[in-house]
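# Secondary and tertiary structure notes
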Amino acid sequence: MNQLIQLIKEKKATIIDVRSELEFDQEHFPGALHIPLEKVQDEAINIGQMPKPIVVYCRSGNRSGMAAGILGQHGVNEVYNGGGLFDMLHILNN
């Protein structure tokens, strides 16, 4: 996990926000891509081609857990549930 935190801090991970457009527009992790949970399955092939590791997050970690599961079912590896937005921002600021 420490290595993942370092990759996030060094901007060497693909960060995906799976929340709604309204939530994303209000606040999001700097540099995060926005792919709402309901579009993750349709975008799985494209997401799988993104630089690894891939970190998904939402508000609480629930939707991002589902997104990580969906991606895993589609053979996308090195996908991590980053939890909620504030968990992610805490990593960035510490």
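The notes below deal with the structure included here. Predicted, not measured: the structure shown is a model, and the values here were computed from it.

The rules behind the values
- Residues numbered from 1 in each chain as written.
- Predicted model: local features only at pLDDT ≥ 70, side-chain atom pairs only at ≥ 80, totals over all residues.
- Heavy atoms only, no water.
- Helix = DSSP H or I, 4+ residues; strand = E, 2+ residues; numbered from the N terminus.
- Core = buried A, V, L, I, M, F, W, Y, C linked by side-chain atoms within 4.5 Å.
- Buried < 20%, exposed > 50% of the residue type's maximum accessible area, 1.4 Å probe, protein only.
- Contact = heavy atoms within 4.5 Å.
- Arc of directions from axis to C-beta.
- Pairing = 2+ DSSP bridges.
- Right-handed = clockwise from strand over helix to strand, strands pointing away.

Cis geometry is found at the peptide bond from Lys52 to Pro53, where omega equals -5°. Among the structural elements, Pro53 can be located in the loop between α3 (37-48) and β3 (54-58). The backbone phi angle of Lys11 is positive, close to 60°, even though this residue is not glycine. For Lys11, the location among the structural elements is in the loop between α1 (2-9) and β1 (14-17). Here Glu78, not a glycine, exhibits a phi torsion of approximately 60°, which is positive. Checked against the element boundaries, Glu78 lands in the loop between α4 (62-73) and β4 (79-84).

If you look at the biggest cluster of nonpolar residues, it comprises 17 residues, and the most contacted ones within it are Ile16, Val18, Val40, Ile47, Ile54, Val56 and Leu71. Put simply, the parts of the chain that give this core at least two residues each are α3, β3 and α4. Ile54 has contacts with Thr14, Ile16, Ile47, Val76, Glu78, Val79 and Tyr80, leaving out every residue within four places of it along the chain. One finds Ile8, Tyr57, Leu85 and Met88 within the second-largest nonpolar core, a separate group that totals 13 residues.

This part takes up helix α5 (residues 85-93). Regarding α5, the residues found buried are Leu85, Met88, Leu89 and Ile91. The buried residues of α5 occupy an angular sector of 155° when projected down its axis, which confines them to one face. Seen from the buried face of α5, the exposed residues on the opposite side, beyond 90 degrees, are Phe86, His90 and Asn93.

Let us look at the pairing of β1. Where burial is concerned, the two faces of β1 agree: the one with Thr14 and Ile16 and the one with Ile15 and Asp17 are both buried. Bridge count for β1 against β3 is four bridges, and the pairing is parallel. Bridging from a neighbouring strand, Thr14 pairs with Ile54 of β3. After leaving β1, the chain enters helix α2 (residues 21-26) and then returns to the sheet as strand β2 (residues 33-34), a path that is right-handed.

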